[in-house]
Amino acid sequence: MDMSGFFPLLWWTLGGTAVVGAAVYMFMEYQAYLLRTKVINIPGGLRFVAQSFAVEVRHAAKEILVLAKDGKYTRQTVPDGDEQVRSGALNETLAVPGLRIEVARVSVKDGADGAAMPTGLSRIVFRASDEPLRQAQGKTATEHSELRLDNVPDMIALDFQQFANGVRAWIAKVEHKLVAELVAQRQREDQAEAAAVKAAGLAAAPVEDTSVPQTEEERKARANAQLEKWRQAAGFHGTSTEMHFDDLGRIVWLIDLDQSGRVILHAANRTFHGSLKGASVVGMGAEIEIAVRDEYCAEDDPPVVFRLMAGVAPDIRRAWKERVELLIQSLGGGPGQRR
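Every chain is numbered on its own, with residues counted from 1 as its sequence reads. In view of the model being predicted, local features appear only for residues whose pLDDT reaches at least 70, and side-chain atom pairs are presented and counted only at 80 or more, with totals across whole chains, interfaces and linings using the full set of residues. Water and hydrogen atoms play no part in the side-chain values, which are based on all heavy atoms of the structure.

### Some details on the overall build of the protein chain
Counted only if it meets this: Secondary structure elements follow DSSP: runs of H or I no shorter than four residues count as helices, runs of E no shorter than two count as strands, and numbering proceeds from the N terminus. Categorising residues by exposure relies on relative accessible area from a 1.4 Å probe, with only protein chains included: less than 20% of the type maximum marks a residue as buried, more than 50% marks it as exposed, and the intermediate range marks it as partly exposed. Throughout, a contact is declared for two residues whenever any of their heavy atoms are within 4.5 Å. Residue-level accessible areas treat just the shown protein chains as cover; the underlying method is Shrake-Rupley with a 1.4 Å probe.
For the protein chain, the count of helices and strands is 5 helices and 16 strands. Every one of the 339 residues in the protein chain was classed for burial, and the buried ones make up 30%. Within the protein chain, contacts between residues separated by at least 24 positions form 51% of all contacts whose residues are at least 6 apart in sequence. Accessible area of the protein chain: about 21,400 Å², with a carbon and sulfur share of 56%.

### Looking at the packing of aromatic side chains
Note the cut-off: In this analysis, rings of Phe, Tyr and Trp, with Trp reduced to its six-membered ring, are considered paired at centre separations within 6.5 Å, and the interplanar angle assigns stacked below 30 degrees, edge-to-face beyond 60, and tilted for intermediate values.
On inspection of all chains with the given rule, the structure shows 7 aromatic pairs. Ring centres 6.0 Å apart and planes at 40° place the aromatic pair Phe160 and Phe163 in the tilted group. Of this pair, Phe160 and Phe163 both sit in helix H3 (residues 154-204), 3 residues apart, which is roughly one turn of that helix. Judged by relative accessible area, which is 10%, Phe163 ranks as buried. Put simply, the rings of Phe48, Phe53, Phe126, Phe160 and Phe163 pair up and form one aromatic cluster.

### Side note on the pairing of strand S4 (residues 63-77)
Our working rule: The pairing criterion is simple: DSSP has to find at least two bridges between the two strands.
Inspection of the sheet shows strand S3 (residues 53-58) paired to S4 by 6 bridges, in the antiparallel sense. From the neighbouring strand, Val57 faces S4, where its bridge partner is Ile64. Where S3 folds back on S4, the antiparallel hairpin that results is connected by 4 residues, among which Lys62 adopts a positive phi of roughly 55°. In this structure, S4 lies alongside strand S5 (residues 83-95), joined through 12 bridges in antiparallel fashion.

### A word on the nonpolar core
Here is the rule we go by: Within this scheme, the nonpolar core is defined by two criteria: the residues are buried Ala, Val, Leu, Ile, Met, Phe, Trp, Tyr or Cys, and they are joined through side-chain atoms within 4.5 Å.
Phe53, Ile64, Phe126 and Phe160 are the most contacted members of the largest nonpolar core, which has 31 residues in total. Every element with two or more residues in this core is listed here: S3, S4, S5, strand S6 (100-109), strand S7 (116-129), strand S8 (143-153) and H3. Not counting chain neighbours up to four residues away, the residues in contact with Phe53 comprise Phe48, Leu67, Ala68, Ile124, Leu149, Val152, Ile156 and Phe160. Val281, Leu308, Val312 and Ile328 belong to the second-largest nonpolar core, a separate cluster that totals 21 residues.

### Observations concerning the sheet that holds strand S9 (residues 240-245)
Worth spelling out the cut-off: Note on geometry: axes are C-alpha line fits, over the in-contact stretch for helices, and angles between N-to-C directions span 0 to 180 degrees.
Read across the sheet, 4 strands follow the order S9-S10-S11-S12 without closing on themselves; strand pairing throughout is antiparallel. Because the sheet does not close on itself, it has two edges, and the strands there are S9 and strand S12 (270-275). For this sheet, the mean angle separating the axes of adjacent strands, direction not counted, is 5°. Two elements, S9 and strand S10 (residues 251-257), share 6 bridges in a ladder whose sense is antiparallel. Counterpart to His244 in the pairing with S10 is Trp253. Against the sheet, helix H4 (residues 216-234) makes contact with S9, S10, strand S11 (262-267) and S12, and its axis sits at roughly 125° relative to S9, the strand it touches most. Strand contacts of helix H5 (residues 314-331): S9, S10 and S12, with the helix running at about 45° to S10, the strand carrying the most contacts.

### Quick look at the pattern of salt bridges
Short version of the rule: In what follows, salt bridge is the name for a side-chain nitrogen of Lys or Arg lying within 4 Å of a carboxyl oxygen of Asp or Glu.
Evaluation of the coordinates by the stated rule reveals 17 salt bridges. The partner of Arg58 in a salt bridge is Glu63, with the nearest N and O atoms 3.1 Å apart. Between Lys321 and Glu325 there is a salt bridge, with the nearest N and O atoms lying 2.6 Å from each other. Of this pair, Lys321 and Glu325 are both found in helix H5, 4 residues apart, which corresponds to roughly one turn of the helix. Under the relative-accessibility criterion, Lys321 is labelled buried at 16%.

### Section: the confidence of the model for the protein chain
In plain terms, the rule: pLDDT: the predictor's confidence for each residue, scored from 0 to 100.
When pLDDT is averaged along the protein chain, the result is 82, and 79% of the positions lie at 70 or above. Mean pLDDT values over the elements of the protein chain span from 42, in strand S16 (residues 336-337), up to 95, in S3. Here residues 334-339 scores under 50 on pLDDT; set against residues more than four positions off or in separate chains, the count is 18 contacts.

### Some points on unusual backbone geometry
Even without being glycine, Lys62 reaches a positive phi, approximately 55°. With phi around 75°, Met309 is a residue other than glycine that occupies positive phi space.

### Some words on the side chain of Asp130
Inspection of the secondary structure assignment puts Asp130 in the loop between S7 and helix H2 (131-136). In this structure, Asp130 is in contact with Ala141, Thr142 and Glu143, ignoring residues within four places of it in sequence.

### Points about H5
Let me state the cut-off plainly: To estimate the expected span of a helix, count its residues, drop one, and scale the result by 1.5 Å. As used here, the arc is the angular range of directions from the helix axis to the C-beta atoms.
With 18 residues, H5 extends 26 Å from end C-alpha to end C-alpha; this agrees with the ideal 26 Å at 1.5 Å per step. Every buried residue of H5 is accounted for by Arg317, Trp320, Lys321, Val324, Glu325, Leu327 and Ile328. Projected onto a plane normal to the axis of H5, the buried residues spread over an arc of 165° and lie on a single side. Facing away from the buried surface of H5 by more than 90 degrees, the exposed residues are Arg318, Glu322, Leu326, Gln329 and Ser330.

### Considerations on H4
Between the first and last C-alpha of H4 there are 27 Å, a value that for 19 residues agrees with the 27 Å anticipated at 1.5 Å per step. Along H4, the residues classified as buried are Arg219, Ala223, Leu227, Trp230, Arg231 and Ala234. The buried residues of H4 occupy an angular sector of 115° when the element is viewed end-on, so they sit on one face. Away from the buried face of H4 by more than 90 degrees, exposed residues Glu217, Lys229 and Gln232 are located. Elements in contact with the buried residues of H4: S9, S10, S11 and S12. Trailing H4 by a residue or two, Gly235 shows a phi angle of about 85°, which is positive.

Laid out in structure tokens, this is it:
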């Protein structure tokens, strides 16, 4: 064999192999580059970066910025507003309250047996609504929006899923805090309105003339009128009632009991209406003492105690005590009689 032609052939073969190897390496590096993601800290937030999109979390503004080379954004006012659609390159800012992030792999059905076959691609969807905040304000939602990113490689979607898990936890905390603030604001407004109504009622109420004696019928009528107001506030009408009122017809103590276990109690200038569940009753000399717990009481909060039946005959007082005990026991979960 002529060795003069062998070495050039060898060099050409080695050179071709090196070129092919370099091309394969560059292709693999490019593919890795396309799938590369990173999470970086920015002032006041975080940013997830991939080659085709980026998601920026802004803590102070309570919003998320989505930048995408190719996506679809849909926004619609409710209930019957026009739908606005934008597609292609997107730059959208989404409010955090009411935002939901979904990541799902895309599969296709195999024509042979109908089995789902993975495509290697995933879908990322951002769904936003003002419903949580509007609902806390006692109002209905006004708009819904959706930002959709298709054909996201599974490896990128998996990295984003880990980032989204932390974002979801942050969104839940923001929503909880904002809803609590709105509820507290509504309660303050309701209390201010009730105080204003009460002040107006007091200002309009005529001054009582204590020098003019009242008949028994007049005192009883005034006490019954007060009881009717409490019944309206409680939302029920007792079937058994015992009360004592003073010379001006003001109720000193009262029990208005319904057979369902609901009760209106008044003593020492305090009034309660609610269930006897969890209550207790005990005889205290010439009175009976009923301790109740309203729906806002925590387990370690002391019950509210009412002393009733002063001046009532002993047999009537015992009958009332037994009646209350039976109702407490029928409701369950309460101590009934205290020893």
